[in-house]
Amino acid sequence: MRMILVGPPGAGKGTQAARLVETYAIPHISTGDMFRAAVKAGTELGKRADEYMQQGALVPDSLVIDMVLERIQQPDCASGFMLDGFPRTTPQAQALDQALSAAGIELDAVVLIEVPDELIEDRIIHRRQDPETGAIYHLINNPPTDEAVRARLVHRKDDTAEACRARLEKYHAETAPIVPFYGAKGLLKRVDGVGSPDDVEVRIKAALA
Ligand code: AP5
Ligand code: MG
């Protein structure tokens, strides 16, 4: 299975990816997670990406595209992969398309998780992540039950109301235009992202079946 998860910030891409990669036994490739790891490691790439991420801006295509094209050539991607948060601009979609064509590889599906703008801010502001396991929580809807996990939760630097608005604007301006690109290829599956994570997972699996 070679697939892409697209959706606005807070749509539940990371939440659903964690579930789907177990089912399909494919690596989860999140460009946001890759950049956050680079920031944490203090690499040159991390330093450059951090400036953009904190403001809710997109990291320049030139820094993203090579990173992903290199990642999907790794041996663990030979039989499939799940891209989360890439592509998110038209040049990124075109670069991926060209690289896959050159390698004789086809995508199976592009899943668009649709969530209205008015629900996004609450999800983003209350999101917390367990730095040890990567598990994603919501302080109100889905808090951790383990006190030790609760104590070590972290809040992303770009999960402020201000950065959230900027990310949402970027999504509509830069990322939404890739949706018709994949629609024209017959790959697009639109899934309603409102409801419990279990409900959304069932809808995605039905769309992929
Ligand atoms: P990235 O990390 O990709 O962030 P994003 O796209 O803004 O998406 P999020 O991770 O915020 O949300 P999500 O859809 O994964 O939702 P989640 O499952 O966590 O990118 C971050 C930044 O990196 C970008 O702004 C940019 O600067 C840079 N970047 C990354 N990729 C790039 C690229 N390709 N090009 C350029 N720059 C790039 O869920 C959110 C919350 O909602 C959680 O609290 C969760 O518990 C809750 N939740 C999930 N599902 C549900 C549900 N069904 N009902 C209720 N609550 C739910
Ligand atoms: Mg995510």
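Since we're looking at a predicted model, the values are computed, not measured.

Draft legend 1. How the structure looks around the pairing of strand S1 (residues 2–6). Summarising burial for S1: 5 of the 5 residues are buried, a large majority. Where burial is concerned, the two faces of S1 agree: the one with Arg-2, Ile-4 and Val-6 and the one with Met-3 and Leu-5 are both buried. Pairing geometry for S1 and strand S3 (residues 81–84), over 4 bridges, is parallel. Paired with Leu-5 across the bridge in S3 is Asp-84. Inspection of the sheet shows S1 paired to strand S4 (residues 109–114) by 4 bridges, in the parallel sense. When the bridges of S4 are listed, Ile-4 appears paired with Val-110.

Draft legend 2. Helix H10 (residues 197–208), seen in detail. With 12 residues, H10 extends 16 Å between its outermost C-alpha atoms, agreeing within 8% with the 16 Å of an ideal straight helix rising 1.5 Å per residue. Turning to H10, its buried residues are Val-200, Glu-201, Ile-204 and Leu-208. Buried residues of H10 fall within an arc of 100° about the axis and therefore sit on the same side. Exposed and oriented more than 90 degrees from the buried face of H10 are Val-202 and Ala-206. Buried-residue contacts for H10 involve S1, helix H1 (13–24), S4 and strand S7 (188–192).

Draft legend 3. A look at the site of ligand 1. Around ligand 1, a shell composed of 36 residues is seen, among which Thr-15, Thr-31, Ala-57, Arg-127 and Arg-167 lie nearest. Within the side chain of Gln-92, a nitrogen or oxygen atom sits 2.9 Å from a nitrogen atom of ligand 1. Contact with the protein chains hides 96% of the accessible area of ligand 1, taken as 1,000 Å² for the molecule alone. Among the elements that line the shell around ligand 1, the one with the most residues is helix H2 (residues 31–41), at 4 residues. Of the residues that constitute the shell around ligand 1, the class distribution is 15 nonpolar, 13 polar and 8 charged.

Draft legend 4. Spatial organisation of the UniProt feature "binding site: AMP" (unreviewed entry) in the protein. Those places that UniProt annotates as "binding site: AMP" (unreviewed entry) correspond, in this numbering, to Thr-31, Arg-36, Ala-57, Leu-58, Val-59, Gly-85, Phe-86, Pro-87, Arg-88, Gln-92, Arg-156 and Arg-167. Separation in sequence by 137 residues is matched in space for these annotated residues, since their most distant C-alpha atoms are 24.4 Å apart. With respect to the secondary-structure elements, Val-59 resides in the loop between helix H3 (44–55) and helix H4 (61–71). The residues touching Val-59, leaving out its near neighbours within four places in the chain, are Phe-35, Ala-49, Tyr-52, Met-53 and Val-64. Once residues lying within four places of it in the same chain are set aside, the contact partners of Arg-88 are Thr-31, Leu-58, Glu-174, Thr-175 and Ile-178. Polar side-chain contacts of Arg-88 include one of 3.1 Å to the backbone oxygen of Gly-85.

What counts and what doesn't
- Residues numbered from 1 in each chain as written.
- Chains lettered and ligands numbered in written order.
- Predicted model: local features only at pLDDT ≥ 70, side-chain atom pairs only at ≥ 80, totals over all residues.
- Heavy atoms only, no water.
- Buried < 20%, exposed > 50% of the residue type's maximum accessible area, 1.4 Å probe, protein only.
- Helix = DSSP H or I, 4+ residues; strand = E, 2+ residues; numbered from the N terminus.
- Pairing = 2+ DSSP bridges.
- Expected span 1.5 Å × (residues − 1).
- Arc of directions from axis to C-beta.
- Contact = heavy atoms within 4.5 Å.
- Near = heavy atom within 4 Å.
- Polar contact = N/O pair within 3.5 Å; in protein donor to acceptor, adjacent residues only side chain to side chain.
- Areas by Shrake-Rupley, 256 points an atom, 1.4 Å probe, with all protein chains shown as cover.
- Nonpolar A, V, L, I, M, F, W, Y, C, P; charged D, E, K, R; others polar.
- UniProt positions renumbered as here; feature names shortened; annotations may be inferred.

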